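Tertiary structure, described
Residues per chain are reported as follows:
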Amino acid sequence: MRWNLLYIRKCVPANQKKIKTLRSSGALNRHPEKVRHPLFTEHDLVQLKYETLRAVQLDGHPIAQAALDFGLSRPTIYEARASLRQAGVEGLLPQKRGPKKARKLTPEVRRYLEELVGSEPDLQAVVLVQRVRTRFGIVLHPRTVEKAVRKKGRYRP
């Protein structure tokens with residue numbers, strides 16, 4: 001009995017460590033309770049997607065049934081299948097969410113802001129936003145402008 005308790009104590013931290021690692025990399029299955037498959041209870045979303053696709057392709061499960069068994073939506077399975085075909089198993093890894101680059105704060109807008117702050121260091125962020133809107137037709141949030149100009153170390157609101 002004592003050996004079992006020691007074994008459990010050693011395994012639980014490793015499991016928690018794995019969950020923490022999966023969460024930080026974006027690969028944690030946020031809804032493991034939706035997985036109904038009796039042999040699959042992992043928290044690893046990449047493995048879950050792979051096993052779902054394997055069940056569909058090799059075992060011949062219909063996608064609707066695999067979606068129920070593995071707790072994934074049908075669009076997620078279709079997306080995973082396309083990603084697997086295009087990039088292999090690496091395609092199942094989580095991708096960075098949100099915009100991939102600055103859409104409004106282009107290098108040209110940044111240069112303009114630097115010029116304004118360089119010539120008039122006491123300008124408030126609201127005034128800078130208005131001037132960018134007038135010149136470029138772009139609506140920026142004052143906090144965005146503050147952070148962009150502060151990176152250069154010249155702006156003190």
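A brief look at the structure comes next. (Residues numbered from 1 in each chain as written. Predicted model: local features only at pLDDT ≥ 70, side-chain atom pairs only at ≥ 80, totals over all residues. Heavy atoms only, no water.)

**Examining the overall build of the protein**
Note the following rule: Elements are defined by DSSP. Helices are runs of H or I of four residues or more, strands are runs of E of two residues or more, and each kind is numbered from the N terminus. Residue exposure (1.4 Å probe, protein chains only): buried if accessible area is under 20% of the type maximum, exposed if over 50%, otherwise partly exposed. Working rule for contacts: check all heavy atoms of both residues, and any pair within 4.5 Å makes them a contact. In this description, accessible areas are obtained by the Shrake-Rupley approach with a 1.4 Å probe, and a residue is regarded as covered only by the protein chains that are shown.
Counting its regular elements, the protein contains seven helices and zero strands. The helix and strand sequence of the protein, counted from the amino end, reads α-α-α-α-α-α-α. Counting all 157 residues of the protein, 29% fall into the buried class. Pairs at least 24 apart in sequence give 45% of the contacts found in the protein among residues at least 6 apart. Carbon together with sulfur atoms contributes 53% to the accessible area of the protein, which is approximately 11500 Å² in total.

**What about the nonpolar core?**
For clarity, the cut-off: As used here, the term nonpolar core means buried Ala, Val, Leu, Ile, Met, Phe, Trp, Tyr and Cys residues forming a set that is joined through side-chain atoms within 4.5 Å.
Core analysis: the largest hydrophobic core is formed by 19 residues, its most contacted members being L48, L53, A66, F70, I77 and L92. Counting residues per element, the ones that place at least two in this core are α1 (2–25), α2 (45–57), α3 (63–70) and α4 (74–87). A total of five residues in this core trace back to one element, the largest contributor, which is α2. Every residue in contact with A66, bar those within four places of it in the chain, is listed here: T52, V56, G71 and I77. Core analysis: the second largest hydrophobic core is formed by 15 residues, L105, V129, L140 and V145 among them.

**Topic: α2**
Put simply, the rule is: A helix's residues, less one, multiplied by 1.5 Å, set its expected span.
When the terminal C-alpha atoms of α2 are compared, their 18 Å separation across 13 residues agrees well with the 18 Å that a helix rising 1.5 Å per residue should span. Along α2, the residues classified as buried are V46, L48, K49, E51, T52, L53, A55 and V56. Residues of α2 that are buried make contact with α3 and α4.

**Some remarks on the environment of V46**
With respect to the secondary-structure elements, V46 resides in helix α2. Look at V46 and you get buried, because its relative accessible area is 13%. When the C-alpha atoms of V46 and A27 are compared, they prove to be 6.3 Å apart, with 19 residues separating the residues in sequence. When neighbours within four sequence positions are excluded, V46 is seen to be in contact with A27, L92, L93 and P94.

**Some points on the packing of α2 against α4**
What counts, and what does not: Working convention: axes come from line fits to C-alpha atoms, limited for helices to the stretch in contact. Angles between N-to-C directions cover 0 to 180 degrees. In this scheme, roughly parallel covers angles under 35 degrees and roughly antiparallel covers those over 145, while 65 to 115 is roughly perpendicular and the rest are oblique. Polar here means any residue outside two lists: the nonpolar Ala, Val, Leu, Ile, Met, Phe, Trp, Tyr, Cys and Pro, and the charged Asp, Glu, Lys and Arg; Gly therefore counts as polar.
Between α2 and α4, the least distance of the axes is 10 Å, while the angle of their chain directions is 90°. Between α2 and α4, the angle falls in the class roughly perpendicular. Counted together, K49, T52, L53 and Q57 of α2 and T76, I77, A80, R81, L84 and R85 of α4 form the full contact between these two elements. Across the contact of α2 with α4, the residue classes break down as four nonpolar, three polar and three charged.

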